[in-house]
Structure formats: C-alpha cells, structure tokens
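# Structural description and commentary
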Amino acid sequence: MFARQGNALTNFSRTLPAEQSELAQQILKDPYTFDFLALGPEMLERDLERGLIEHLRSLILELGKGFAFVGSQYHLEVGGQDYYIDLLFYHLRLRCFVVIELKIEDFKPEFAGKMNFYLSAIDDQLRHRDDQPTIGIILCKGRNEVIVEYALRDSSKPMGVAQYRLSPALPPQLQQDLPTIEELAREFPLMSVVKLRIEIERALRDYAAAQGFTATHRTNIGDMLRELQQRRLAPASTGRFLEALRVMNAASHGVDVDTVGAQHAMEVGKLFLNELRELGV
C-alpha cells in the first residue's frame, strides 16, 4: 500500500487549493487492487461495477479511510436527459463528493471530458456551499502517462486517473491444493449422482409420509421402497431404480463408479424422481 499510495496521475496541484491538493493526492492509489473479485477476461463494465457493489466493504477498505458510499448508477438529470454515475462517494476528510468511473479498457482522452461533465453536474446539483470541489477518479485497466497528462492538462475540474488490478491467478501454494481438470472431470459425475440421490430420498420421505408411512432417519431408501411396493404405492419404475440405487449408494460411499454407470443411474434416477413427484401431487 505504501508503494501505491499517492501514485495516481492527477491535476490536483493546479485545480485545488494547496492544502486540499496534497491530501487529495494522498488518498488516491495506483494501482487499486481488487483481489476480492472473481472476474474473468470476458467481463463487462457492469460486471465490474456489480462485483464492487457486492463486495462494498472490501471496496471501501481498498479505497481507504474517509470514503462514505452514496450510491451506484447515481442518477443525474441534465438538460432533460438522464445520466448515471458508476459510483458516487463522499469523502469525510476532504469534505467533498468523489465520482468514480469504471473502465475495462485503457484510458482514452474522451474519458476526461465525460468526467468533467459529471463533476460540473455534481457541483451544481449536490454540492453544499460548505463542500469542497467534487473530485473525479477514472479507474482504468491501464493508462499511458503522456496521454493522461495531455487529457488533464487543460481541465478545470480536479480529477485523477488510476489503474486497477484483478488477481490474475491463485498463488502457487494454493494451486497445488486444487484438483486438476482431469480429477474434476472424474469426480463431477459422482457428485451429480450423490446430489440426485439426496433429492430422491427427500422426495421419497415426503411421499411416504403422505401415504401414512412415517420413515425415521434410520429408514433407508430400500426399506421405504419395499414398504411402498407391499402397499402397491410404489412408482412404476421402482424396479429399474433399485438397480440404479446400487450405483448411487456406491458413489455416496466414495467408491469409484465408471462414467457409463453413473450416466445410466442419473437417467433412471431422474425418471423415478419425476414419477414420484407426479404421484405426490
């Protein structure tokens, strides 16, 4: 954090009073680290914004002390038209509003023009007479220092440009503990079988109870089915399901089950579950 603090490219020294400029410069970082987000390379700007709002506490901790959240997609009406600010904060030490615009691409000069417009609107519509001028922060995937310097040079509104970083990968020590693609491919059919077995057992207990047969927690699926068969209340596919149940039980106890067997058990189990639900309606 020490290395990142105050490193954003800004025009604060020219657009803010000296005592305000230095403090404003120090509250900005470059880059901002959003390791708490799980977003891939195909993310959209709304995905980035939604992720930051869902992890608002983590975002505020990364922004630093003094930031108070005002709103996301904050609505402004200017000249009869609607505009929406990505993120709006109020900084308690600077005594000013802070506008944050999110970009999933490198900085472009037109971003500064749009931010200048937003800052003018906030100063006109929200700023109290005791507030300091509103500050803008443009968070980009990357930026060219020369382009940023040219874009901010003649701007009369205080704004800065900083980069953000998402975690590119898990640390090596954690990667070693994760299952490989091959292991996941082998385990996924078994997990699906176990999940389906749980759903079937739950539905079967509900159905049995509705038929006046109360099963205890020790009553297994096989016992319930045999009782229902004796009462002629079992679904038509019960015989086939009992064969598939052996595969499901094996998977539930961690025994390796071949992919073909797991797939067949899934097909039979889904058919049985549908019949069970239809009988219970």
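Scoring rules and cut-offs
Residues numbered from 1 in each chain as written. Predicted model: local features only at pLDDT ≥ 70, side-chain atom pairs only at ≥ 80, totals over all residues. Heavy atoms only, no water. Axes fitted to C-alpha atoms, helices over the stretch in contact; angles between N-to-C directions. Helix = DSSP H or I, 4+ residues; strand = E, 2+ residues; numbered from the N terminus. Parallel < 35°, antiparallel > 145°, perpendicular 65-115°, else oblique. Left-handed = near helix turned anticlockwise from the far one by under 90°. Contact = heavy atoms within 4.5 Å. Nonpolar A, V, L, I, M, F, W, Y, C, P; charged D, E, K, R; others polar. Buried < 20%, exposed > 50% of the residue type's maximum accessible area, 1.4 Å probe, protein only. Pairing = 2+ DSSP bridges. Right-handed = clockwise from strand over helix to strand, strands pointing away. Salt bridge = Lys/Arg side-chain N within 4 Å of Asp/Glu carboxyl O. Arc of directions from axis to C-beta.

Attention now goes to the packing of helix 9 (residues 221-230) against helix 10 (residues 238-252). With their axes 11 Å apart at the nearest point, helix 9 and helix 10 run at an angle of 165 degrees to one another. Taken together, helix 9 and helix 10 sit at an angle that is classed as roughly antiparallel. Note on packing geometry: the crossing formed by helix 9 with helix 10 is left-handed. Listed contacts from helix 10 to Ile221, Gly222, Leu225 and Gln229 of helix 9 are Thr238, Phe241, Leu242 and Leu245. In terms of residue class, the contact of helix 9 with helix 10 is built from five nonpolar, three polar and no charged.

Time to look at the pairing of strand 5 (residues 96-102). A regular strand places its side chains on the two faces of the sheet in alternate fashion. Summarising burial for strand 5: seven of the seven residues are buried, a large majority. The alternating pattern of strand 5 places Cys96, Val98, Ile100 and Leu102 and Phe97, Val99 and Glu101 on opposite faces, both of which are buried. Taking the residues that link successive antiparallel strands as the turn, the strand 4 (residues 81-91)-strand 5 hairpin has four residues, and the phi of Arg95 there is positive, at about 55 degrees. Examined bridge by bridge, strand 5 and strand 6 (residues 135-140) share five bridges and lie parallel to one another. Residue pairing for strand 6: Leu102 is matched across the bridge by Leu139. Crossover connection from strand 5 via helix 5 (residues 109-125) to parallel strand 6: handedness right-handed.

Below, the discussion takes up the pattern of salt bridges. On inspection of all chains with the given rule, the structure shows nine salt bridges. The partner of Glu105 in a salt bridge is Lys108, with the nearest N and O atoms 3.0 Å apart. A relative accessible area of 30% means that Glu105 is categorised as partly exposed. Take Lys108: its relative accessible area is 34%, and that puts it in the partly exposed class. Each of Arg197, Glu201 and Arg205 takes part in a single network of salt bridges with overlapping partners.

So, about helix 4 (residues 56-63). Note: α-helices contain 3.6 residues per turn, so residues at a spacing of three or four share the same orientation. Listed as buried for helix 4 are Leu59, Glu62 and Leu63. Relative to the axis of helix 4, the buried residues are bounded by an arc of 100 degrees and lie together on one face. Along helix 4, the residues that are exposed and aim more than 90 degrees away from the buried face are Arg57 and Leu61.

Turning our eyes to something else, we now look at the pairing of strand 6. When you tally the buried positions in strand 6, you get six out of six residues, the bulk of the element. Burial along strand 6 is two-sided: Ile135, Ile137 and Leu139 facing one way and Gly136, Ile138 and Cys140 facing the other are all buried. Direction of pairing for strand 6 relative to strand 7 (residues 159-165): parallel, over a ladder of five bridges. By the bridge assignment, Leu139 is partnered in strand 7 with Ala162.

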